[in-house]
Amino acid sequence: MAVTAVVAVISGIVGLCVGSFLNVVIHRVPLRQSVVRPRSHCPQCDTQIDDRDNIPLVSWILLRGRCRSCHARIPVRYPLVELASAALFVAAAVRLGASWDLPAFCVFFASLLTVSVIDLDHFIIPNRVIYPTLVVLGPLLVLAAALDGRWRPLIDAGLGGAAAFVALFLVHFISPRGMGFGDVRLAGVIGVMLGWLGLRYVPLGLFLAFLIASVVGVGLIITRIRSRKDAVPFGPFMACGAVVAVLWGHAILHLYLGSRV
Ligand SMILES: [Zn+2]
């Protein structure tokens, strides 16, 4: 318990810093800019941002959401993404404890957050996020399997990734306008991580994605925020479904399948 608390605190701090980098990715990747260079600068006055003004969350609060040199507003989205990243890392730490697969799930959650915000903004799920995610997750999972001496989760991760990819590819094939190919690739990544937890988590995560999407979709139409014809990106719903499946999937499956889990 004490160990989990320490791991959760460390994860939260790492999550804040990662969130700061995710802001850069969210801003630059859709513009096809490098995420490494140049250093962050104010979009309004172009002044390079000092290290002291680049502390996640803290700087935004100290500067009261304004640029130090030109006082232009810094959108509240920046600290919110950092907070969301920290919250997801803490949630992963509480769910998994001090385990070898915790880093992989933190990377997974960070990637889901990034993809969701980009998809909401631009209606795309960039390969420049999905492929690096897979390149990082692969070795992390192999390492976790080796350190645990259990290879079954790794096999299930492969099977889960393939199954989710094929399932959403079929949806894309039937309705290419409703489901983009970016969604299909994202489903592959989600299938890998949910498969690692157990194959039954894969259909659960995808089911939750469609369930949340229909509930929110109906809500948006009833409240007239969106009409039936407006496109709504599906990536954020898949991300939500995956996060819920990771964090509460065990409880949901237990409720649904009873003692068989
Ligand atoms: Zn400025």
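Residues numbered from 1 in each chain as written. Predicted model: local features only at pLDDT ≥ 70, side-chain atom pairs only at ≥ 80, totals over all residues. Heavy atoms only, no water.

## Focus: the overall build of the chain
Defined as follows: Put simply, DSSP marks the helices as runs of H or I at least four residues long and the strands as runs of E at least two long, and each gets a number from the N terminus on. Here the globule rule is a power law, 2.2 Å times the number of residues to the power 0.38, and the radius of gyration is based on C-alpha atoms. Any residue under 20% of the maximum accessible area for its type is buried, any over 50% is exposed, and the rest in between are partly exposed; the area is computed with a 1.4 Å probe on protein chains only. In this description, contact between two residues means that some pair of their heavy atoms is separated by no more than 4.5 Å. Where accessible areas are quoted, they stem from the Shrake-Rupley method and a 1.4 Å probe; at the residue level, only the protein chains shown are allowed to cover. For this count, His and the chain ends are skipped, Lys and Arg are scored as positive, and Asp and Glu as negative. By convention, the point assigned to a charge is CZ for Arg, NZ for Lys, CD for Glu and CG for Asp.
Counting secondary structure elements, the chain contains nine helices and zero strands. Each helix and strand of the chain, placed in order from N terminus to C terminus, yields the pattern α-α-α-α-α-α-α-α-α. Here the chain has a C-alpha radius of gyration of 19 Å; the compact-globule value for 261 residues is 18 Å, and the two agree. Across its three principal axes, the chain shows a C-alpha extent of roughly 60 × 50 × 30 Å. Considering the chain as a whole, with its 261 residues, one finds that 41% of them fall into the buried category. Restricting the contact set of the chain to residue pairs at least 6 apart, pairs at least 24 apart contribute 68%. As displayed, the chain offers around 14400 Å² of accessible surface, 68% of which is attributable to carbon and sulfur atoms. Seen as two clouds, the 22 positive and the 12 negative side-chain charges of the chain have centres 6 Å apart.

## A short note on helix 5 (residues 127-148)
Using the following cut-off: The span expected for a helix works out to 1.5 Å for each residue beyond the first. Note that the arc is computed from the directions linking the helix axis to the C-beta atoms.
Its 22 residues place the ends of helix 5 31 Å apart at the C-alpha level, agreeing with the 32 Å of an ideal helix rising 1.5 Å per residue. Within the sequence span of helix 5, burial applies to Val129, Ile130, Thr133, Leu137, Leu141, Ala144 and Ala145. Angular distribution of buried residues about the axis of helix 5 spans 95°; they occupy a single face of the element. Facing away from the buried surface of helix 5 by more than 90 degrees, the exposed residues are Val135 and Pro139.

## Things to note about the environment of cysteine 106
Positionally, cysteine 106 belongs in helix 4 (residues 102-122). Under the relative-accessibility criterion, cysteine 106 is labelled buried at 7%. C-alpha separation for the pair cysteine 106 and valine 18, spaced 88 residues apart in sequence, amounts to 9.7 Å. Not counting the four nearest positions on each side in its chain, cysteine 106 is found in contact with Phe89 and Ala92.

## Considering the pattern of salt bridges
Pairs can form between side chains of opposite charge once their charged atoms are near each other. Filter applied, for reference: Put simply, a salt bridge is a Lys or Arg side-chain nitrogen that is within 4 Å of an Asp or Glu carboxyl oxygen.
Tallied over the entire structure, the rule returns five salt bridges. For arginine 39, the salt bridge is made with aspartate 51, and the minimal N-O distance between the two is 3.2 Å. Placement of arginine 39 in the loop between helix 1 (2-28) and helix 2 (58-62) and of aspartate 51 in the loop between helix 1 and helix 2 is noted, with a sequence separation of twelve residues between them. Take aspartate 51: its relative accessible area is 58%, and that puts it in the exposed class. A salt bridge links aspartate 156 to arginine 152, with the shortest nitrogen-to-oxygen separation between them at 3.1 Å. Here the residue aspartate 156 and the residue arginine 152 both occupy positions in helix 6 (residues 152-174), the gap between them amounting to four residues, near one helical turn.

## Focus: the coordination of the zinc ion
Selection rule: Here the term donor refers to an N, O or S atom within 2.8 Å of the metal (or 3.2 Å for Na, K and Ca), and because water is left out of the atoms, sites may appear incomplete. A four-donor site is classed as tetrahedral when every donor-metal-donor angle falls between 85 and 135 degrees; four donors are called square planar, and six octahedral, when trans pairs exceed 155 degrees and all remaining angles lie between 65 and 115, with any other arrangement labelled irregular.
Surrounding the zinc ion are the protein donor atoms Cys42 (SG), Cys45 (SG), Cys67 (SG) and Cys70 (SG), at 2.3 Å. Taken together, the four donor atoms coordinating the zinc ion span angles of 104 to 114° at the metal, a pattern that classifies the geometry as tetrahedral. Counting the intervening residues between successive donors of the zinc ion yields the motif C-x2-C-x21-C-x2-C. Residue cysteine 45 is found in the loop between helix 1 and helix 2, and its partner cysteine 70 is found in the loop between helix 2 and helix 3 (77-96); the two are separated by 25 residues along the sequence. According to the relative accessible area criterion, cysteine 45 is partly exposed, its value standing at 29%. Residue classification places cysteine 70 among the partly exposed positions, given a relative accessible area of 30%.

## Regarding the packing of aromatic side chains
Rules: Any Phe, Tyr or Trp ring, taking Trp's six-membered ring, that has another such ring centre within 6.5 Å forms a pair; planes under 30 degrees apart are called stacked, those over 60 apart edge-to-face, and the others tilted.
Within this structure, the stated rule accounts for seven aromatic pairs. Measuring from ring centre to ring centre gives 6.0 Å for phenylalanine 165 and phenylalanine 181, while their planes differ by 80°; the resulting arrangement is edge-to-face. With phenylalanine 165 in helix 6 and phenylalanine 181 in helix 7 (residues 181-197), this pair connects stretches of sequence that are 16 residues apart. Note on phenylalanine 181: relative accessible area 31%, which makes it partly exposed.

## Details of the state of the cysteines
Definition in use: The term disulfide is used for any two cysteine sulfur atoms that are within 2.5 Å.
The full count for this structure, using the stated rule, is zero disulfides. The closest cysteine sulfur to the non-disulfide-bonded cysteine 106 is located on cysteine 17, 13 Å from its own sulfur.

## Let's talk about the nonpolar core
Soluble globular proteins tend to pack their nonpolar side chains together in the buried interior. Test applied: Among buried residues, those of type Ala, Val, Leu, Ile, Met, Phe, Trp, Tyr and Cys that are joined through side-chain atoms within 4.5 Å constitute a nonpolar core.
Ranked by internal contacts, the top residues of the largest apolar core, which has 61 residues, are Phe108, Phe109 and Leu112. In terms of residue count, the dominant contributor to this core is helix 4 (twelve residues). Sequence-distant contacts of leucine 112, that is, excluding residues within four places in its chain, are made with Leu186, Ile190, Ala239, Ala242 and Val243.

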